[in-house]
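Okay, here's what each chain looks like letter by letter:
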There are 2 protein chains.
Amino acid sequence: MPLFSRFKHCSNCGSPVDYRVPPDDNRERAMCPACGMVHYQNPLNVVGTLPVWEADGRVLLCRRAIEPRHGLWTLPAGFMELGETTAEGALRETQEEAGADIAMGPLFTLLNVVRVGQVHLFYLATLRSLQFDPGPESLEAQLFAEAEIPWEEIAFQTTRETLRCFFDDRRAGRGFGPHAIDIA
Amino acid sequence: MPLFSRFKHCSNCGSPVDYRVPPDDNRERAMCPACGMVHYQNPLNVVGTLPVWEADGRVLLCRRAIEPRHGLWTLPAGFMELGETTAEGALRETQEEAGADIAMGPLFTLLNVVRVGQVHLFYLATLRSLQFDPGPESLEAQLFAEAEIPWEEIAFQTTRETLRCFFDDRRAGRGFGPHAIDIA
Ligand SMILES: [Zn+2]
Ligand SMILES: [Zn+2]
């Protein structure tokens, strides 16, 4: 998991860095006094899906086998990687964490989690089979009807908000999203 | 500008790194043999706006005063920073590059530019005044009707696609976006 740790040394030459505002900039960056390298740190994207079994409207959650929030339930999601689109990353994470066969739908939620420097993007998806094969990051993958959602055991607020938007949209009989949400 | 440069030294202790696949991972990362630090590199978000003067439907472009694409026209946009939401970043970039007073609207385009590891997010915005004050990154800020857009002098394909979607939506009289576009 990429977590932000402050640069102490230059990634180019290994010298200790100074925190200064570069010329033509307005924020402190880790600057290398030896080679001049400027190191930026920016928010990261977490991409995932809300997989739906259309025959009965149940949704797929995974129970986490890793920290943080070991044992709690989450929508399949993870950090977007270089070399993929947001939708490709969401598909990959769903395959890796749930072993689920899905058809990707449109972007459903965009959630800003400023406190941790993350943007979460969830896509609607349709399950093509009921065969799941949870990867090493998941204890199990299971379908839930709205009344069965373990709201008290949801790992992350971004999952909770995305599920809430989905059930609200469906109950209202309106179109599904997209929704923009800022997590305090 | 954050550009991806391969880690050569550990950001924590300065030792030369090795590229290896960490346990429980499936991609090569820059790993430090001395302190164990794993360095991740992930796509970055570029956030911006499409500012519209509603009285006549003209849109605001900025002419770039910096490389790359010095002298060409772009929608106001730049790298999202830690401590802000996507919409706050888009507003900030519009103020910094155009000195424009805008009211933010909804997300309009999400463009994946896999080749450079970027996701571009453009928001619709409404101009509140015709006073612009281009910052050091812009030579000028100017309003354009659809027929006046300098299509051959647009700096980036993400700007071109976002403008194209906007004029298409408006001509069709349908709602505005959001549009998901992958740039080859
Ligand atoms: Zn250096
Ligand atoms: Zn180290």
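Residues numbered from 1 in each chain as written. Chains lettered and ligands numbered in written order. Predicted model: local features only at pLDDT ≥ 70, side-chain atom pairs only at ≥ 80, totals over all residues. Heavy atoms only, no water.

Note the threshold: UniProt positions are given in the numbering used here, feature names are shortened, and annotations may be inferred rather than shown by experiment.
By the naming in an unreviewed UniProt entry, chain A is NUDIX hydrolase, taken from Pelomonas cellulosilytica. The Cofactor (unreviewed entry) comment attached to chain A in UniProt states, word for word, "Mg(2+)".

1. A short note on the relation of the copies chain B and chain A
Here is the rule we go by: We place the copies in one frame by least squares, fitting the C-alpha atoms of every residue whose pLDDT is at least 70 in both. We call two residues in contact when some of their heavy atoms are within 4.5 Å.
With an RMSD of 0.0 Å, the fit of chain B onto chain A corresponds to turning through 180 degrees and sliding 0.0 Å along the axis. Here the symmetry operator amounts to a two-fold rotation axis. Rotation axis and chain B: the residue whose C-alpha lies nearest the axis is B:G14, separated from it by 2.0 Å. Mapped onto chain A, 100% of the interface residues of chain B again fall at the interface, so both copies present the same surface.

2. Comments concerning the sheet that holds strand β1 (residues 18-20) of chain B
Residue and element names in this part refer to chain B. How we decide: Here a strand pair is declared whenever DSSP counts at least two bridges between the two strands. We count a stretch as a helix when DSSP gives it H or I for four or more residues in a row; a strand needs E for two or more, and each element gets its number in order from the N terminus.
Spatial strand order, β1-β2-β3: three strands in an open sheet with antiparallel pairing. Looking at the sheet topology across the chains shown, the edges are occupied by β1 and β3 (38-39). Of the pairings in the sheet, the one linking β1 to strand β2 (residues 29-31) comprises three bridges and is antiparallel in character. Within β2, the residue paired with Y19 across the bridge is A30.

3. Describing the coordination of the zinc ion (ligand 2)
Residues and elements named next belong to chain B. What counts here: Coordination partners: N, O, S within 2.8 Å of the metal, 3.2 Å for Na, K and Ca; water not considered, so apparent gaps in a site are possible. Each residue's exposure class comes from its accessible area (1.4 Å probe, protein chains only) as a fraction of the maximum for that residue type: buried when under 20%, exposed when over 50%, partly exposed otherwise.
For the zinc ion (ligand 2), the full set of protein donor atoms is C10 (SG), C13 (SG), C32 (SG) and C35 (SG), at a range of 2.2 to 2.4 Å. Judged by relative accessible area, which is 29%, C13 ranks as partly exposed. By relative accessible area, which is 4% here, C32 ends up buried.

4. Brief notes about the pattern of salt bridges
Convention followed: Whenever Lys or Arg places a side-chain nitrogen within 4 Å of a carboxyl oxygen from Asp or Glu, that contact is recorded as a salt bridge.
Evaluated as defined, the whole model comprises 30 salt bridges over all chains. The salt bridge involving A:R174 is made with A:D169; its shortest N-O contact spans 2.8 Å. Using a relative accessible area of 46% as the deciding quantity, one classes A:R174 as partly exposed. For B:R128, the salt bridge identified is with B:D101, shortest N-O distance 3.3 Å. A residue pair is termed long-range when its members are at least 10 positions apart, and B:R128 in the loop between β9 (118-127) and β10 (138-144) and B:D101 in the loop between α1 (86-98) and β8 (102-113) qualify at 27 residues. Exposure remark for B:D101: the relative accessible area of 37% places this residue in the partly exposed category. In the salt-bridge network here, residues are joined through shared partners; they are A:D25, A:R27, A:R29, B:E81, B:E84, B:R92, B:E93 and B:E96.

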